[in-house]
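Architecture at a glance
Listed here are the chains, written in short residue letters.
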Amino acid sequence: MKTRVVIVGGGTAGWLTAGIIAAKHCTVNNADTANIDIQQTEVILVESPDVKNLGVGEGTWPTMRDTLRQIGISERTFLSCCDANFKQGSKFVGWLDGESDHYYHPFMAPAGYGSVSLAEHWSATSRELNFESWVSSQGTVCQQNLAPKTSQMPEYAFGLNYGYHLNAGKFVSMLHQHCVEKLGVRYIQGHVEHVLPAENGDIASIVLVGGEHVDGDLFIDCSGFAAILIDKHYQIPFKSKQHILFNDTALALQVEHASDDVPIASCTVATAQKSGWVWDISLQNRRGIGHVFSSDFTDVEQAERALLKYVSNDPFLATKKLTPRKIKFTPGHRETFWHKNCVAIGVSAGFVEPLEATALVLIEKSAEWISQQLPRNRSAMTVLAKRFNQLTLQRWQEIIDFLKLHYVLTNRQDSEYWRAHQQPGSIPESLQDAMTLWRSQVPGLYEGNQRFELFSSASKQYVLYGMGFHTALAQSDLGRQEVLRVKRLRNETLHSTEKLLSALPTNRQFFSHLMKT
Ligand SMILES: Cc1cc2nc3c(=O)[nH]c(=O)nc-3n(C[C@H](O)[C@H](O)[C@H](O)COP(=O)(O)OP(=O)(O)OC[C@H]3O[C@@H](n4cnc5c(N)ncnc54)[C@H](O)[C@@H]3O)c2cc1C
């Protein structure tokens, strides 16, 4: 018998989930890739004609390369359809002192990561130097607006690890077309009005305006803030995290480049403001810029002024009258994510804020897990639901701790917002414990469950030491036999930085070449 997976919602969450499940279970049109599951699984996506997508998510993690490859989309198609640009990490400006201080959180781990801890050696010997440039070339490459690869390199291969900046609306259109035409996903346009329950409390079918019923075995709620199944039908409680992460409003703009030859940045720039921060994401043809802030500490007018000031101070942006789009949200997530035969993915499951672009990666990871473990029968589903809930809750806690870390480490005393972030009462115990540990040892490989963790210890090192955190290590704490190896790695990093600076094209050169060929 066929398993029918019904996805409600055609935003990024819906189409990524459809693509990931269908690529594994329903591949059609190609005898070579025809899967033995071909008759077993059917994926249907239902999308309301009346509710617009959120469509803000423009920064991805490097995981997106694997996701696109797995779904069967060529990188060239993706880059040109979605005006996409490479993202090599994030640059944080003004988070420490509120001045022009900055640091990078790049996607490349420190040199030797996994065998030698350069962070330990840096902490014990070289603290006066910038941590990121001591252990990696990527920040220096980003400063020059360089691409992470040359045009001759194969699709998805890299010289320096990268994700993307993309146009979310175009991304959804591309996924929609690919899923329907290449992966056999059935698309139904219709607004889900209510649910017909089965006797055991499962969802038997969803009912669309007009009366059409769509029945299924597994229902995936990707209906965004509407959360039509997980919230409206099952009323699974939402756990607000606003007492930890205060931001609850965003003002979003799309701003054109001033001309066709201005530089295209290699990373997301996150610039701290008095009551939040401004994101700045460079695509090939424009920039996505927005201010996310806490309405407890400022108002929309002030936030808008700060945003427009940021834009008008940048000579590489076109000067036009701009009207930001306002988005309100409560930072937090569901108490559980998989209930009965319904699982929530995307904003219906939760959203905290755009810092470190954690939303799309969580969608990819959740959809991948479900696709790998697609329940074969109803009793298997109950066990899998329990495991998914445990894992996803753990991931949310990890995200919340890691995002909060960015705020807690500040020295800023210039506004109530930053002072409140440093109050111990707003810091989760798990983060306080971790910070206690990091005062005497650097974040290392044995910290978490590496297989499932989202943020490696390398990411924690970049943020901690970028923000001036002190781990009290002395030279005498270092393994003697490692010292020579560290010297060699340092020389290699310096050498590789020089080589990359001379070999890599700028992002603009890369995309000009791509469009010509
Ligand atoms: C300010 C901001 C910045 C962000 N930046 C990033 C970023 O840089 N990186 C990142 O990874 N993420 C980011 N995100 C998050 C990202 O935008 C979302 O995770 C992503 O867009 C997924 O949204 P979604 O598909 O869950 O919901 P939506 O895009 O809202 O889609 C919901 C879908 O459900 C459908 N629907 C709703 N009700 C019904 C109904 N009754 N019947 C049928 N269909 C229905 C709608 O028609 C729509 O198709 C950001 C979010 C915000 C708010």
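Residues numbered from 1 in each chain as written. Predicted model: local features only at pLDDT ≥ 70, side-chain atom pairs only at ≥ 80, totals over all residues.

**Observations regarding the sheet that holds strand S5 (residues 102-106)**
Read across the sheet, 7 strands follow the order S5-S4-S14-S15-S16-S13-S17 without closing on themselves; strand pairing throughout is mixed. Edge strands, defined here as strands with exactly one partner in the open sheet, are S5 and strand S17 (325-328). In this sheet, neighbouring strand axes are inclined to one another by 20° on average, regardless of whether the strands run parallel or antiparallel. The sheet contact formed by strand S15 (residues 276-282) and strand S16 (residues 286-293) spans 7 bridges and is antiparallel. By the bridge assignment for S16, Trp 277 is matched with Val 292. Lying on the sheet, helix H9 (residues 300-312) is in contact with strand S13 (249-256), strand S14 (268-273), S15, S16 and S17; it crosses S13 at an angle near 25°. (Pairing = 2+ DSSP bridges. Helix = DSSP H or I, 4+ residues; strand = E, 2+ residues; numbered from the N terminus. Axes fitted to C-alpha atoms, helices over the stretch in contact; angles between N-to-C directions. Contact = placed C-beta atoms within 7 Å.)

**Section: the site of the ligand**
Lining the immediate environment of the ligand, one finds 38 residues, of which Gly 9, Gly 11, Gly 57, Gly 224 and Gly 346 sit closest. Those elements that place two or more of their residues in the shell around the ligand are helix H1 (12-25), strand S2 (41-47), S13, S16 and helix H10 (358-372). Among the elements that take part in the shell around the ligand, H1 stands out by supplying 3 residues, more than any other. Among the residues making up the shell around the ligand, the classes are represented as 20 nonpolar, 16 polar and 2 charged. Counting contributing residues, the shell around the ligand receives three or more from each of domain 1 (3-58 + 167-241 + 332-389) and domain 3 (249-328). (Near = placed C-beta within 6 Å. Nonpolar A, V, L, I, M, F, W, Y, C, P; charged D, E, K, R; others polar. Domains from an automatic or database assignment.)

**Observations concerning the nonpolar core**
If you look at the biggest cluster of nonpolar residues, it comprises 131 residues, and the most contacted ones within it are Ile 7, Val 8, Ala 18, Ala 22, Val 43, Phe 219 and Ile 345. Residues within four places of Val 8 in sequence aside, it is in contact with Val 46, Val 192, Ile 206, Phe 219, Asp 221, Cys 222, Ser 223, Ile 228 and Leu 229. (Core = buried A, V, L, I, M, F, W, Y, C linked by C-beta atoms within 7 Å. Buried ≥ 20, exposed ≤ 12 C-beta atoms within 10 Å, placed from the backbone.)

**Brief notes about the domain arrangement of the chain**
If you check the domain split of the chain, you get domain 1 (3-58 + 167-241 + 332-389), domain 2 (89-147 + 397-503) and domain 3 (249-328). Taking the mean C-alpha position of each, domain 1 and domain 3 sit 31 Å from one another. Facing 7 residues of domain 1, the contacting portion of domain 3 comprises 9 residues. Partitioning the side of domain 1 that touches domain 3 into residue classes produces 4 nonpolar, 1 polar and 2 charged.

**So, the packing of H1 against H10**
With their axes 9 Å apart at the nearest point, H1 and H10 run at an angle of 30° to one another. The hand of the H1/H10 crossing is right-handed. Between H1 and H10, the contacting residues are Thr 12, Ala 13, Leu 16, Thr 17, Ile 20, Ile 21 and Lys 24 on the first element and Leu 360, Ile 363, Glu 364, Ala 367, Glu 368, Ile 370 and Ser 371 on the second. Residue composition of the contact of H1 with H10, by class: 8 nonpolar, 3 polar and 3 charged. (Left-handed = near helix turned anticlockwise from the far one by under 90°.)

**With respect to the environment of Val 255**
Take Val 255: it is sitting in strand S13. Val 255 sits 30 residues away from Asn 285 along the chain, and the two C-alpha atoms are 9.2 Å apart. Aside from chain neighbours lying at most four places away, what touches Val 255 is Arg 286, Arg 287, Ile 289, Val 311, Leu 317, Ala 318 and Leu 322.

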